[in-house]
Amino acid sequence: MRPTARMKPKSFLSGRWMTFAFVTLSIALLGTVPVRSQDDLRCLTCHGKPGFKKTLPSGQVLGLFVDPTPLRLSVHKKLNCVQCHADVNEVPHKERPQRVNCKRCHYQGNTMGAPQTSKYMEFENSVHGLALKAGNPKAPLCQDCHGGHFILPGSDPRSRVGHDNVPQTCGTCHIKIYGQYRESIHGKALAMGNKDAPVCTDCHGEHTIQRPSAPSSSVNPANVANTCGKCHAKIVIMKKYGINAEQVSTYKNSFHGIANEFGVLKAANCASCHTAHDILPPDDPRSSVNPKNIPKTCGRCHHGANANFAKGRIHVDPDDRSAGIVYWVALGFKILTLSTLAGLFIHIGLDLFRQVKARKPREARLPEAPTEENEP
Amino acid sequence: MSDKCARGWRRADTDFVVQGVARELADALDKEIREDLTEDQLERLRDSLADSLGRDAAAGARRAHRAFEDRQRRRQKAVERRKKKALSAGSVERLSLHLRIQHMILFASTITLIVTGLPIKFHDAAISVFLIHLMGGPGVTRIIHRIGAVGLTFIGVYHIFYTMAFESGRRDFGRLIPKLQDAKDFFHQMGYFLGVKKDKPLFGRFSYIEKFDYWAVYWGLVVMITSGYILWFKVLAINQFGKSIYDIAMEAHSDEALLATLAIVIWHFYNVHFNPKRFPGSLTWWNGRMDLEEFKEEHPLEYEEMLQSEDIAKSSKEGSAGEALSSKARGDFP
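Presented here is a report on the structure given in the accompanying data block.

About the thresholds
- Residues numbered from 1 in each chain as written.
- Chains lettered and ligands numbered in written order.
- Predicted model: local features only at pLDDT ≥ 70, side-chain atom pairs only at ≥ 80, totals over all residues.
- Heavy atoms only, no water.
- Helix = DSSP H or I, 4+ residues; strand = E, 2+ residues; numbered from the N terminus.
- Buried < 20%, exposed > 50% of the residue type's maximum accessible area, 1.4 Å probe, protein only.
- Areas by Shrake-Rupley, 256 points an atom, 1.4 Å probe, with all protein chains shown as cover.
- Axes fitted to C-alpha atoms, helices over the stretch in contact; angles between N-to-C directions.
- Parallel < 35°, antiparallel > 145°, perpendicular 65-115°, else oblique.
- Contact = heavy atoms within 4.5 Å.
- Nonpolar A, V, L, I, M, F, W, Y, C, P; charged D, E, K, R; others polar.
- Expected span 1.5 Å × (residues − 1).
- Bend = angle between axes of the 7 residues up to and from the residue.
- Buried area = accessible area lost by both parts, 1.4 Å probe.
- Salt bridge = Lys/Arg side-chain N within 4 Å of Asp/Glu carboxyl O.
- Polar contact = N/O pair within 3.5 Å; in protein donor to acceptor, adjacent residues only side chain to side chain.
- Phe/Tyr/Trp six-rings, centres within 6.5 Å; stacked < 30°, edge-to-face > 60°.
- Lys NZ or Arg CZ within 6 Å of the ring centre and 35° of its normal.

A word on the overall build of chain A
Of the regular secondary structure elements, chain A holds 18 helices and two strands. Relative to its 376 residues, chain A shows a buried fraction of 26%. Element-wise, carbon and sulfur atoms account for 64% of the exposed surface of chain A, whose accessible area totals about 25,300 Å².

Printed below as a string of C-alpha cells:
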C-alpha cells in the first residue's frame, strides 16, 4: 500500500511538470517565430550589406558583413540573431556587443532544446575553461573551436570539430605544435585521408582537455601508455600498418613501464622516446628512434649511452620467437623451473608417503619397545 | 663399502687438521724446491737466503710459523673438546658459528631481495602494489633491493674465500662435491620411499639432498649476481655488449628469481620446517645443534667418523666423554 500511495503524487507531479514544460516550450517557440524573422531582417538591414565595416580608433578595420546562409545551414538554423547576441536590445546598437555566451542555452538541464550533455561542465574544468575563469584573454570560448555561425555536428566532415579538421582548428592557436604534427607520421596519414590517424583530441581529449602535468590528463606521463594503447594495443588497427600491437604490453612489462605504473613519472613513457607531436617511424633518419639517434634519445636519461644501445630490440617480448636469445633463455628457464619443481614435489610427496606408511606399524611395534629396553 | 669411504675420509681429514694451513703450504714449498735441486744446491740456497734476509729475520719467521701452528693445534683441540661436550650432552654441533652467521647474512639478504624484487616481476598483482607502497614506493624499494644485493654479493664472495682459506671450509667443500655415491644414494632413497628397499641410504656429513641445496644456491648466486649487476650498471653493460645483454640479464634475473624463491619456499622450507619430523622448524640455523638421535639417523657415516676420532682421542688419554659417547652409541646408555 505505502509504496503506491507514495508513488502516486510523485508521478502526478512529474506529469504536471511535463505538461508545464511542454506548454512553456510551445508558447516560447510559437511566440518567437514571427519575432525572429523580423529581428533578423532588422539586423541584416546593416549587417547584410556586403562591405559593411567599421574603422576602429586604432585604425583597424573591422568587417561587419554577415552572410546569413551559413547560420541557416548550421545546427542553429532556427535561432535568430538576438537569441545569441542577447545584449543587443536596440537597433542600431551603440555599444559593441559582447562575445556570445553559449551557456545561455548550453547547460545540462536546459529547456531550450540544446543537447543534454556533461560536456559543458567538463569544459568548465578543462585547462581552457580554467584559464577562462582565471581571466586569461587568450583562453578559447566555445565558438573559438566550434565556429560562430556555421556550427555543425562533429560527425559532419565540414565541421570545424570534425575528425579531419581538428588539427587545423587547434592549430589556430597552437600553431607551432600544428607544424610538428603535420610533419609527423600521424599528421601525414591524416593528410592522406586516413581515418585511423589520431588528431589532437584523440590523445588530449576534447572538452576534458587538461595540461599534461594534471594527473587526470590523458597525456600525463602516468596515462600516456594507455592513451597510445587505445590504438597501438589493438591488433585490428595495427595489423593494417604492419606495426606490432605488442609494443604497449612489452613497454608495460619493462622496467620503464613498471616504474611508471608504480608512480615514478620520470621513468620513460612512449612519448619520452618517440616524442609527442613529431612522431616518426624508426626508418626515418629524423626519427628519435632511428638507430642513429638512439644513443642521443637514450642518453637523455642514461648518460653516456653509446651506439650499442641500438644493437638489439627495444621492445622485447620474451614469449615471442623473434626475441632471439631472450626467447631461448626464457624457454630454458621455463623448462628448468617446471622440471625442478616437478622433481622436488615428487621427492616431497614420496617422502611424506613413506613417513605416513611408516607410521602404521608403529602401533604394532609399541609393545616391543619396552622389551628392548628391559633386555640389558 | 661406504664404511671404507668413511674411514678414508677420516684419516685424510685428521692429517689435514693436524698439519694446519701454514704447515701444509710450507711443506709444499719445501717439496717443490727439493724436487728440482740437489742437496748441495739446497744448502747453498738456504745459506744465501739466510744471508740476504738476515739470520734474525729467518729465526723470527720460524718462530712465527711455530706459533701459528701451535694456535692452529690449540684451536683444533678446542673444537674437538666442544664436539665431545656436545656429544655427551645429546646433541652435536652441526653448524659452526661461522657458518651460522654466513647463513643468516645469506637469508637476510635473500628475503630482502625477494620482498623487494618479486613485486616488480608480478607488478599486476594487487599485493605487489600494496607491498611496494608499504615499503615507501619504487624509489625506496630499489635502494633496499640494492642493499640486499650488496649483502648477497658480500656473502657469496666471502663464502668462496671461506671455502679456500679456512680448514673447515675446505673440508666441507670437499664433502659437498657430488660423487657417484650420491646418485646411488638417490636411487636407494627412491627405493626406500617406494618400499622396495627396507633401509634408508647411509649419509655422511652431506646427503645428496643437502648437496643439491648447496649447489642450487651456488648456481642461483652466480646467475642472480651476474645478471643483477648487468641490470644495475646497465649503461656500462650495454655500451660494452649491446642492448641484448640487458634483455638476457633481465629475463634470467626475473626467471631465476622465481625459480629460487619457489625452491626455497617449497623445497628448503619442507626440509627444515614442514617435514613432519621437523615441524615447526629445526633450530640448527640458530644454535647450530642437532639432536644426537636425529644426527645418528640422518648422518650415520659422519657419526661413525666422529666415533673414530673419539676413539683416537680416548687412546691419547684425552677424556671420559668419548667413553660415554661410545657406550651411548652402542645403545646401552640409560
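Focus on the packing of helix α7 (residues 138–165) of chain B against helix α8 (residues 167–176) of chain B
The geometry of a pair of packed helices is captured by two quantities: the angle between their axes and the separation between those axes. Residue and element names in this part refer to chain B. Here α7 crosses α8 at 95 degrees, and the two axes come no closer than 5 Å. Judged on the interaxial angle alone, α8 and α7 are roughly perpendicular. Only Glu167, Ser168, Gly169, Arg170 and Phe173 of α8 make contact with α7, whose side of the interface consists of Tyr162, Thr163, Met164 and Ala165. The residue makeup of the contact of α7 with α8, split by class, is four nonpolar, three polar and two charged.

Some remarks on helix α5 (residues 97–121) of chain B
Across its 25 residues, α5 of chain B extends 35 Å between first and last C-alpha, which sits within 8% of the 36 Å expected from 1.5 Å per residue. Largest kink in α5 of chain B: about 25 degrees, centred on Ile114 of chain B.

Here's the deal with unusual backbone geometry
With an omega dihedral of 5 degrees, the bond running from Phe279 of chain B to Pro280 of chain B counts as a cis peptide bond. Its location among the elements puts Pro280 of chain B in the loop between α12 (243–274) and α13 (284–287). Of note, Thr275 of chain A is a non-glycine position whose phi angle comes to about 65 degrees, a positive value. For Thr275 of chain A, the position within the fold is in the loop between α15 (270–274) and α16 (294–299).

Focus: the interface of chain B and chain A
Contact with chain B, which involves 48 residues of that partner, is made by 41 residues of chain A. In total, about 3,800 Å² of surface goes out of reach between chain B and chain A, with carbon and sulfur atoms giving 73% of it. Taken together, the links from chain B to chain A amount to zero salt bridges. At the surface where chain B touches chain A, the tally comes to 14 residue pairs in polar contact (both at pLDDT 80 or more). With 16 residues, α12 of chain B is the largest single contributor of residues to the side of chain B that touches chain A. For the side of chain B that touches chain A, the per-class residue count stands at 30 nonpolar, ten polar and eight charged.

Observations regarding the environment of Phe154 of chain B
Turning to its location among the elements, Phe154 of chain B is positioned in helix α7. Placed 50 residues apart in sequence, Phe154 of chain B and Met104 of chain B show a C-alpha to C-alpha distance of 13 Å.

Description of helix α11 (residues 224–232) of chain A
Residues spaced three or four apart along an α-helix face the same direction, because each turn holds 3.6 residues. The set of residues buried in α11 of chain A consists of Val224, Ala225, Thr227 and Gly229 of chain A. The secondary structure elements touched by the buried residues of α11 of chain A are α10 (200–204), α13 (247–252) and α15 of chain A.

A word on the packing of aromatic side chains
Under the definition given, this model contains 24 aromatic pairs over all chains. For the pair Tyr327 of chain A and Trp328 of chain A, a centre-to-centre distance of 4.9 Å together with 80 degrees between the ring planes defines the contact as edge-to-face. By relative accessible area, Trp328 of chain A is classed as partly exposed at 46%. Aromatic side chains Phe161 of chain B and Phe166 of chain B sit 6.0 Å apart centroid to centroid with 85 degrees between the ring planes, which places their arrangement in the edge-to-face category. Classification of Phe161 of chain B by relative accessible area gives partly exposed; the value is 42%. Classification of Phe166 of chain B as partly exposed rests on a relative accessible area of 29%. In this structure an aromatic cluster arises from ring pairing among Phe154, Tyr158, Phe161, Tyr162 and Phe166 of chain B. Seen from the ring of Tyr192 of chain B, Arg354 of chain A lies directly overhead, with NZ or CZ sitting 4.1 Å from the centre. The ring of Phe122 of chain B carries Lys121 of chain B above its face, with NZ or CZ at 5.7 Å from the centroid.

Remember, this is a structural readout, not a statement about activity or role.
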